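Listed below, chain by chain, are the residues.
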Amino acid sequence: FTDCGDERNTYSARKYLKSIGAKSASTLYKERASEDSDALGSIGATVKNLGYTEALWRDRKHVSRLFERLGNLFPEFVKAYPSYRLHIIKQKLNNEEKVLASEITQHILKIIGTGNAVIFGPAGFGSHVDHSIAREACLMISAQFPIHLWADIPYVMHSKIPPNLYNLPLENSWQNEHKGKIKV
């Protein structure tokens with residue numbers, strides 16, 4: 001999730017941008033893209049951001065005219081997830097977005113085709129909807145390509161393992177030494 005959509009900032013989005021000292025959401029995502037490129041470039045890899053809009057800025061797909069007008073004053077009326085605490089970290093996908101993981105999976109498969117690839121993605125600790133959607137997209141192609149899930153910091157510090165990760169085949173001794181935890 002590497003885009004800020006129309007950049008209509010909800011209260012949660014404004015608060016977040018202020019807390020990290022970002023001038024704007026678009027500036028934040030340009031900086032993140034540059035950081036990704038620098039980090040992966042240092043090991044000879046390239047970045048392919050898919051351009052999906054982050055939950056803080058993602059619009060609902062269907063909005064009434066009244067809500068669209070109200071959204072000009074209060075963006076919360078048109079956002080898929082109007083607030084961070086009440087919506088984004090609750091890991092409950094709204095009805096319009098239950099197919100998003102599948103769309104992302106198809107997008108990934110178009111990019112990598114049938115070639116050799118290793119997929120990296122978030123494990124989805126902490127219930128952030130975007131991390132959960134990305135994890136589901138990775139798991140959907142885990143039969144075709146090796147996947148590596150990373151621990152979502154700082155979420156992993158205060159969270160349990162997401163339920164659908166318990167039955168994944170894990171190939172390391174670390175899991176046996178620390179029951180109930182996986183190396184990600």
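Residues numbered from 1 in each chain as written. Predicted model: local features only at pLDDT ≥ 70, side-chain atom pairs only at ≥ 80, totals over all residues. Heavy atoms only, no water.

A. Fine view of the packing of aromatic side chains. Per the counting criterion, the structure on display carries three aromatic pairs. Measuring from centroid to centroid gives 6.4 Å for Phe 1 and Tyr 52, while their planes differ by 65 degrees, and the two rings are edge-to-face. On the criterion of sequence distance, the pair formed by Phe 1 in the segment before helix 1 (11–20) and Tyr 52 in the loop between helix 2 (25–41) and helix 3 (65–73) is long-range, its members being 51 residues apart. Centroid distance Tyr 29 to Trp 57: 5.9 Å. Interplanar angle 85 degrees. Geometry classified as edge-to-face. (Phe/Tyr/Trp six-rings, centres within 6.5 Å; stacked < 30°, edge-to-face > 60°. Helix = DSSP H or I, 4+ residues; strand = E, 2+ residues; numbered from the N terminus.)

B. Spatial organisation of helix 5 (residues 129–140). The first and last C-alpha atoms of helix 5 sit 16 Å apart over twelve residues, in line with the 16 Å expected at 1.5 Å per residue. A large share of helix 5 lies buried, amounting to nine of its twelve residues. Regarding helix 5, the residues found buried are Val 129, Asp 130, Ser 132, Ile 133, Ala 134, Arg 135, Ala 137, Cys 138 and Leu 139. Elements in contact with the buried residues of helix 5: helix 4 (100–112), strand 1 (119–122) and strand 2 (147–150). (Expected span 1.5 Å × (residues − 1). Buried < 20%, exposed > 50% of the residue type's maximum accessible area, 1.4 Å probe, protein only. Contact = heavy atoms within 4.5 Å.)

C. Representation of helix 4. Its 13 residues place the ends of helix 4 19 Å apart at the C-alpha level, agreeing with the 18 Å of an ideal helix rising 1.5 Å per residue. The set of residues buried in helix 4 consists of Leu 100, Ala 101, Ile 104, Thr 105 and Ile 108. Seen along its axis, helix 4 keeps its buried residues to an arc of 140 degrees; they face one direction. (Arc of directions from axis to C-beta.)

D. Region of the structure containing the side chain of Glu 54. Within the secondary structure layout, Glu 54 lies in the loop between helix 2 and helix 3. Classification of Glu 54 as buried rests on a relative accessible area of 11%. One polar contact links Glu 54 to Arg 32, side chain to side chain, over a distance of 3.4 Å. If near-sequence neighbours (up to four positions away) are discounted, Glu 54 is found in contact with Phe 1, Asp 3, Tyr 29, Arg 32 and Asp 130. (Polar contact = N/O pair within 3.5 Å; in protein donor to acceptor, adjacent residues only side chain to side chain.)

E. Broad picture of the pairing of strand 2. Pairing between strand 1 and strand 2: four bridges, direction parallel. Bridge assignment links Phe 120 to a residue of strand 2, and that residue is His 148. Taken together, strand 1, helix 5 and strand 2 form a β-α-β motif whose crossover is right-handed. (Pairing = 2+ DSSP bridges. Right-handed = clockwise from strand over helix to strand, strands pointing away.)

F. Structural view of a negative patch on the surface. A contiguous patch of negative charge on the surface is contributed by Glu 31, Glu 35, Asp 36 and Asp 38. Within the fold, Asp 38 resides in helix 2. Using a relative accessible area of 54% as the deciding quantity, one classes Asp 38 as exposed. (Patch = residues over 30% accessible without salt bridge, like charges linked within 9 Å, V, L, I, M, F, W, Y side chains within 5 Å. Areas by Shrake-Rupley, 256 points an atom, 1.4 Å probe, with all protein chains shown as cover. Salt bridge = Lys/Arg side-chain N within 4 Å of Asp/Glu carboxyl O. Lys, Arg positive; Asp, Glu negative; His and termini not counted. Charge placed at Lys NZ, Arg CZ, Asp CG, Glu CD.)

G. Local environment of the packing of helix 4 against helix 5. At their nearest, the axes of helix 4 and helix 5 sit 8 Å apart, and the two run at 55 degrees to each other. The angle between the axes of helix 4 and helix 5 places the two elements in the oblique class. Helix 5 is crossed by helix 4, and the crossing has right-handed handedness. Taken together, the residues of helix 5 that come into contact with helix 4 (itself represented by Leu 100, Ala 101, Ser 102, Ile 104 and Thr 105) are Ile 133, Glu 136, Ala 137 and Met 140. Partitioned by chemical class, the residues of the contact of helix 4 with helix 5 number six nonpolar, two polar and one charged. (Axes fitted to C-alpha atoms, helices over the stretch in contact; angles between N-to-C directions. Parallel < 35°, antiparallel > 145°, perpendicular 65-115°, else oblique. Left-handed = near helix turned anticlockwise from the far one by under 90°. Nonpolar A, V, L, I, M, F, W, Y, C, P; charged D, E, K, R; others polar.)

H. Up close: a nonpolar patch on the surface. A surface patch of nonpolar side chains, about 250 Å² in accessible area, is lined by Leu 40, Ile 43 and Val 47. Summarising the element assignment, Val 47 is placed in the loop between helix 2 and helix 3. The class for Val 47 is partly exposed, based on a relative accessible area of 31%.

I. Expanded view of the side chain of Ser 83. Inspection of the secondary structure assignment puts Ser 83 in the loop between helix 3 and helix 4. Take Ser 83: its relative accessible area is 15%, and that puts it in the buried class. Here the side chain of Ser 83 touches Leu 86 through a polar contact of 3.2 Å, landing on its backbone nitrogen. Among the polar contacts made by the side chain of Ser 83, one reaches the side chain of His 87 at a distance of 3.0 Å. Setting aside residues up to four positions removed in sequence, Ser 83 forms contacts with Ser 12 and Ile 88.

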